[in-house]
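# Geometric and topological summary
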Amino acid sequence: MASHKKENQIAEKPEGAGRARMQRRLMDGSRLNELHEMHAKGRLSASESLELILAGNAEHVAALKGAPMTAHQRYLKIMAAQADYMIVRCSDARVHNTDSEQDTLVGLHIYIAGNVIPGKKTASLDEIAQVASLVRPDGACLDEAHCNCGAVKERVKWVEGGMKPTGSTPLDNLLHEVVGPSPYDNAIAQLSKLRNLPGLGGRATGALHYDWEKGGVTVVNASPSHLVELLVDNFNKRHADANADGLLAERLAKQKPHAIMVGSNLLPFSIGTITHALQNEVFQTTGSEDGLDDFDEGSILYAVEHLGVRHIPFVAPGTAANAKAVTAMFDKWEADLRSMTVNGEPVISRMLDSGELAISRLRYDLSNGRLVPI
Ligand SMILES: [Zn+2]
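All figures in this text were calculated on a predicted structure; none of them were measured in a lab. (Residues numbered from 1 in each chain as written. Predicted model: local features only at pLDDT ≥ 70, side-chain atom pairs only at ≥ 80, totals over all residues.)

A few words now on the overall build of the protein chain. Assigned secondary structure in the protein chain consists of 14 helices and 10 strands. The globule rule puts the C-alpha radius of gyration for 374 residues at 21 Å, and the 19 Å found for the protein chain is close to it. By principal-axis analysis of the C-alpha atoms, the protein chain measures approximately 55 × 45 × 45 Å. Out of the 374 residues belonging to the protein chain, those deemed buried represent 48%. A fraction of 73% describes how many contacts in the protein chain between residues 6 or more apart in sequence connect residues 24 or more apart. (Helix = DSSP H or I, 4+ residues; strand = E, 2+ residues; numbered from the N terminus. Rg over C-alpha atoms; globule rule 2.2 N^0.38 Å. Buried ≥ 20, exposed ≤ 12 C-beta atoms within 10 Å, placed from the backbone. Contact = placed C-beta atoms within 7 Å.)

Right, dumping it as structure tokens:
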């Protein structure tokens, strides 16, 4: 119990810090605040979207000074297969934040529409298994669903319509993997697929459900684990922090991200923490060294076609020394995006060429947490 108490004390720090941040935001008329408000009221251009991401990142860089672990120390822990947890979450922009600069727990984040774990052998399943292998043997692997999930709603409509092909293979594959009439049912189904993950070993597993209307994160089903309890506790603190004014559910009534961010699966913090994004600002998916898989592409297509997002920032960890490797990975991501088709038409490639859609390439500098446009 002594260690429980100590870990909880660590977890309480970000709550205070978050509240102070929110109060500061309400008080000052800074550019960051102005951009948050512009996003809440209307639609940001790609350059304004990038400006908001970089201004939020400046807050992250400042918060890292005095943090218990540097970004680089956290990255080394991941590379030594000592991460504390992995969480598979929906790409939805409205999900709560998971971590903060003050955390001593290191998490790996996979964002995929419908928080799907593929049931059959796919590149995405390989990627999830690979990321899970970077979690320490007594760590935790979680799947989190959320209320009002667009992927579950699309799945219900698609089933009612006779499961006809949508014209996009990635989207079809995604709709086949989402399960059940509600996010809660989907969480249960994804957990059983998670428990069959190759190489999972003795890591604790759990399915969570986030409901911003009813007040937070609940455990749907999980193996008995102190770590899972602690994480749920932390997530609920992040939710409470974001809802300090009691108006969070109102802000999340309709999803409206200004960017679909593609983050590397090896980032030492969540994208939410790296960019200090507020809930409902960034839709997300996760890329790997092998490129973007069908599920990433399905998520991106959903953001562009259904949510009207016009900015795709790429983010990967790096140092000045591995700049070439990061560039090569981003080239692969862009090539994968450009090869996507809907009814045989290269829709994303066309939008990129016409300037209607923009990609930003950002290296996450492990020495100081700064996002560096490359
Ligand atoms: Zn969702």
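With that out of the way, let us pick up the sheet that holds strand β7 (residues 282-287). Spatial ordering of the open sheet is given by β7-β6-β8-β9-β10, a layout of five strands whose pairing is mixed. If you trace the sheet from one side to the other, it starts and ends with β7 and β10 (371-373), each paired once. Shown here is a sheet whose adjacent strand axes are inclined to one another by a mean of 30 degrees, direction ignored. Looking at chain direction, strand β9 (residues 358-365) and β10 are connected through three bridges and run antiparallel. Looking at the pairing, Y364 lines up with L371 of β10. Packed onto the sheet, helix α3 (residues 46-64) meets β6 (259-264), β8 (311-318), β9 and β10 and runs at close to 30 degrees relative to β8. Sitting on the sheet, helix α13 (residues 323-338) touches β6, β7, β8 and β9, and the angle it makes with β8 is about 150 degrees. (Pairing = 2+ DSSP bridges. Axes fitted to C-alpha atoms, helices over the stretch in contact; angles between N-to-C directions.)

On to the environment of V347. With respect to the helices, strands and loops of the structure, V347 is situated in helix α14 (residues 347-354). Given 16 C-beta atoms within a 10 Å radius, V347 is considered partly exposed. Taking the C-alpha atoms as reference points, V347 and N97, 250 residues apart in sequence, are found 32 Å from one another.

Core analysis: the largest hydrophobic core is formed by 94 residues, its most contacted members being Y85, M86, L174, I260, V304, V315 and Y364. Take this core: its biggest share by element is six residues, from helix α12 (residues 294-305). Non-local contacts of V315, meaning those with residues more than four positions away in its chain, are made with M261, G263, S264, L267, I271, I274, L362, Y364 and L371. (Core = buried A, V, L, I, M, F, W, Y, C linked by C-beta atoms within 7 Å.)

Our next topic: the pairing of β6. Of all six residues in β6, six are buried; the element is thus mostly enclosed. Because side chains alternate across β6, one face comprises the buried residues A259, M261 and G263, and the other comprises I260, V262 and S264, equally buried. As paired strands, β6 and β7 are joined by six bridges and run parallel to one another. Among the inter-strand pairings, I260 is bridged to a residue of β7, identified as F283. Sheet topology places β6 next to β8; two bridges connect them, and they run parallel. Counted as the bridge partner of G263 is V315 from β8.

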